[in-house]
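Each chain, letter by letter, is given below.
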Amino acid sequence: MTDANVIFHVEPGGSLRGMVHVPGDKSISHRALMLAAIADGDSHLSGFLPGEDTLATQRALASMSVAFEPASATELVVKGVGMHGLKNPGTPLDMGNSGTSTRLLAGLLAGAGVDCEIIGDASLMRRPMGRVIEPLREMGADISGSEDQTLPLHIRPSARLSGIRYRMPVASAQLKSCLLLAGLYADGKSCLQQPAPSRDHTERMLAAFGVDIHINNNEICIEPAARLRATDVSIPADISSAAFFMVGALIAPGSDIILPGVGINPTRSAVIDILRQMGGRITLNSERSEGGEPVADIRVETSDLHGIDIPRHLVPIAIDEFPAILVAAGVADGVTRLGGAEELRVKESDRIAAMSAGLDRLGIQVEPRADGMQVQGGIFSGGRIDSHGDHRIAMAFAMAGLAAKGRIQIEDCANVATSFPGFMDIARQAGLQISAERS
Ligand code: S3P
């Protein structure tokens, strides 16, 4: 985390070409750290994302007595302390910008009976935590937030949690994972019904660590565990990071890129379906399975895009990719409509507001709605855009430069390091004319 303001300057034009290696998957890296930490024995993680968000999880676990042996920035051994081996941290756990660290650890630590306080940066302090506080309390956890159900969270040791039957009000993988981690420590089975599928990395990884978990359509049931078996985890490249380059290559004339080893888990990869429906030429090569997750080398070529009505059932499984998709919509022929995406209002920024303001600044006609927006494709002018400290807004508008008539400047980009360390160098190498100014 840094207080320095970073401004991206993107010169108009250019194309993206060649192999583009994006870093490891953020969601899977968080989960691998957490499950390995409470396993019996050593787990070797490869392809780990050394971003600010996952490092926040790692630091939190280290302050609760978990040891790590790094072999490189992306490879480490986690020395598991067992399900009941976490110690109370002496100071508040600072999760920085990371909602995933916060919500998943809330469930894990409530179950493990760790006495702690969880805090974060200004964006995280505003994000809703009632969605995890209420069901955890129903399980018997002693957890509280501020009056308006935001951080700081206080967790106190409580009697053993009870299993829960819970109908989730939102299709949120963070909420689901929070309750599954708490369910490991409960006195009986827990069953969660999700209103629609959301990313299932936790379910897959719990099974890999030897936990008894059953999935039947949108119901997931977990049995309490006596122990987790240490397991090596190979983490694929992050499709959410790849999405910026997919959109960049689609909209920049003369582009042709390969994104190797990207996770294409079907509960995560709807960005590919949506961009293909818009006319995107995206090919999956060498499809394979790595570490229990489907992976492919993704080829993306310049394409003539057209607007679409984004199918609502794809929204939760493309939820982090809308900043990039909406940039594609900005230059697509015709109108793109997004609805059923009210969750975008409570991400690292209000992404409906931030994307509408940014597209409008680039001369695109947008109509924001409570649960989405309508975008009339056009031609990007240049302009100065506020990313609101949101990594994904910053990277999406950086890619807009490839199809813009003038220079784009993007404010408040330091948080790009939360999910994509090295973004600027990788983007520049691929062909984006980007530089950064620090103040
Ligand atoms: C995540 C789930 C999603 C996503 C976030 C990562 C996860 O959040 O937006 O970036 O790793 O579980 P929600 O569960 O709030 O939709």
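Residues numbered from 1 in each chain as written. Predicted model: local features only at pLDDT ≥ 70, side-chain atom pairs only at ≥ 80, totals over all residues. Heavy atoms only, no water.

Asks: Please give an account of the domain arrangement of the protein chain that cites residues and values.
Replies: In terms of domains, the protein chain is made up of domain 1 (6-24 + 236-438) and domain 2 (26-234). Taking the mean C-alpha position of each, domain 1 and domain 2 sit 28 Å from one another. With 28 residues of domain 1 at the contact, the number on the domain 2 side is 25 residues. Between domain 1 and domain 2 lies a buried interface of about 2,200 Å² when both sides are counted; carbon and sulfur atoms form 47% of it. (Domains from an automatic or database assignment. Contact = heavy atoms within 4.5 Å. Buried area = accessible area lost by both parts, 1.4 Å probe.)

Asks: Account for the sheet that holds strand β1 (residues 6-10), with residues named and values stated.
Replies: The sheet built from four strands is open, its strands ordered β21-β22-β1-β23 with mixed pairing. Each edge of the open sheet is held by one strand with a lone partner, namely β21 (383-386) and β23 (434-438). In this sheet, neighbouring strand axes are inclined to one another by 20° on average, regardless of whether the strands run parallel or antiparallel. Pairing analysis gives four bridges linking β21 to strand β22 (residues 408-411), with the strands arranged parallel. When the sheet's bridge partners are listed, R384 is paired in β22 with Q409. Strands β1 and β23 of the sheet are contacted by helix α13 (residues 423-430), whose axis makes an angle of about 155° with β23. (Pairing = 2+ DSSP bridges. Helix = DSSP H or I, 4+ residues; strand = E, 2+ residues; numbered from the N terminus. Axes fitted to C-alpha atoms, helices over the stretch in contact; angles between N-to-C directions.)

Asks: Account for the pairing of strand β5 (residues 75-81), with residues named and values stated.
Replies: Working note: regular strand, side chains alternate between the two faces of the sheet. Note that strand β3 (residues 40-46) and β5 share seven bridges and pair antiparallel. Within the sheet, the bridge partner assigned to S43 lies in β5 and is V78. Two successive antiparallel strands, strand β4 (residues 67-72) and β5, enclose a turn made up of two residues.

Asks: Lay out the site of the ligand in plain terms, naming residues and giving numbers.
Replies: The full set of residues close to the ligand is S27, R31, T100, R103, S172, A173, Q174, R199, I319, D320 and K347. Q174 places a main-chain nitrogen or oxygen 2.8 Å from an oxygen atom of the ligand. D320 places a polar side-chain atom, nitrogen or oxygen, 2.6 Å from an oxygen atom of the ligand. Isolated, the ligand exposes 390 Å² of accessible area, and the fraction of that covered by the protein chains is 96%. Only α1 (26-37), α3 (99-112) and α6 (173-183) provide two or more residues apiece to the shell around the ligand. A breakdown of the residues in the shell around the ligand according to their chemical character gives two nonpolar, four polar and five charged. Taken together, domain 1 (6-24 + 236-438) and domain 2 (26-234) each give at least three residues to the shell around the ligand, which thus spans both. (Near = heavy atom within 4 Å. Polar contact = N/O pair within 3.5 Å; in protein donor to acceptor, adjacent residues only side chain to side chain. Areas by Shrake-Rupley, 256 points an atom, 1.4 Å probe, with all protein chains shown as cover. Nonpolar A, V, L, I, M, F, W, Y, C, P; charged D, E, K, R; others polar.)

Asks: Residues and numbers for the packing of aromatic side chains, please.
Replies: Considering all chains together, one arrives at four aromatic pairs under this definition. Centre to centre, the rings of F245 and F420 are 6.1 Å apart; their planes meet at 55°, and the pair counts as tilted. One end of the pair, F245, is in helix α8 (residues 239-251); the other, F420, is in the loop between β22 and α13, with 175 residues separating them in the sequence. Taking relative accessible area as the criterion, F245 reaches 0% and is therefore assigned buried. What makes F420 buried here is its relative accessible area of 1%. Taken together, a centroid distance of 5.3 Å and an interplanar angle of 75° make the contact between F420 and F423 edge-to-face. Ring-pair connections join several aromatic residues into one group, and the members of that group are F8, F245, F420 and F423. (Phe/Tyr/Trp six-rings, centres within 6.5 Å; stacked < 30°, edge-to-face > 60°. Buried < 20%, exposed > 50% of the residue type's maximum accessible area, 1.4 Å probe, protein only.)

Asks: Account for the nonpolar core, naming residues and giving values.
Replies: Residues F8, F245, L259 and F423 are the most contacted members of the largest nonpolar core, which totals 85 residues. For this core, the element with the most residues is α8, which contributes 10 residues. For F423, the residues in contact, after removing those within four places along its chain, are F8, F245, M395, A398, M399, V416 and I434. In this structure, A37, L181, V211 and A225 belong to the second largest nonpolar core, which totals 69 residues. (Core = buried A, V, L, I, M, F, W, Y, C linked by side-chain atoms within 4.5 Å.)

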